[in-house]
Amino acid sequence: MSGSFRTNIWDPGLIIAQMLALQSIYYFFLGLWLVLVDCISQASRSVDQMFSYEDLEFKSFNGKLIMIAFVLNSLTGSAGGLWLLISRTRQCLDFAATVHLYHLIVCWIYNGSFPMTLSWWLVNVACLALMTVLGEFLCMRSEMTAIPVSVGAKSDL
């Protein structure tokens, strides 16, 4: 067991805490991006923008801005959350997929029906892919950094 980092440790408390924190980061940054988008478009702020799949449409300008907010959320807050909280390349896909699965369940409950619009599915699958790839890239860069090894005091012989 010596010389390895978290190889076979099953810690459900840690996983649940990481999932709750990552889900919170996902919705916090999505809300932040939606407020920024609403300031640009002068649209009214609503929780529907986050959970209603009818608002994600290609036809309207506001729908396109909401889609941009979802993509920016995947590129900034969510991928950064994977990097800061998870820090393991192998686990990025698992946590990103779980975040989006929970988002699907919340949208299903909020709307009272299963999301059937193509635009909702395209945006969420693209955001899942972006969040996973960028999170894996950031985690891989952290894992590949050199580990400084300090040797005791040097003496000139």
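In the nomenclature of an unreviewed UniProt entry, the protein chain is known as Protein SYS1 homolog of Saccoglossus kowalevskii. A UniProt comment under Function (unreviewed entry) is attached to the protein chain, and it reads "Involved in protein trafficking." For the protein chain, the Subcellular location (unreviewed entry) comment in UniProt is given as "Golgi apparatus membrane".

Bringing the UniProt feature "transmembrane region" (unreviewed entry) in the protein chain into the picture now. The residues that UniProt annotates with the feature "transmembrane region" (unreviewed entry) are residues 25-45, 65-86 and 118-139. A helix fraction of 100% and a strand fraction of 0% characterise residues 65-86, whose end C-alpha atoms lie 29 Å from each other. Secondary structure within residues 118-139 divides into 100% helix and 0% strand; the distance between the first and last C-alpha atoms comes to 31 Å.

Counting 29 residues, the largest nonpolar core has Leu 30, Leu 56, Phe 70 and Leu 82 as the members making the most contacts within it. Listing elements by their share of this core, those giving two or more residues are α1 (12-41), α2 (48-51), α3 (61-86), α4 (92-111) and α5 (118-143). Excluding residues within four positions of it along the chain, Leu 56 makes contact with Ile 66, Met 67, Phe 70, Ser 119, Trp 120, Val 123 and Asn 124.

The rules behind these values
Residues numbered from 1 in each chain as written. Predicted model: local features only at pLDDT ≥ 70, side-chain atom pairs only at ≥ 80, totals over all residues. Heavy atoms only, no water. UniProt positions renumbered as here; feature names shortened; annotations may be inferred. Helix = DSSP H or I, 4+ residues; strand = E, 2+ residues; numbered from the N terminus. Core = buried A, V, L, I, M, F, W, Y, C linked by side-chain atoms within 4.5 Å. Buried < 20%, exposed > 50% of the residue type's maximum accessible area, 1.4 Å probe, protein only. Contact = heavy atoms within 4.5 Å.

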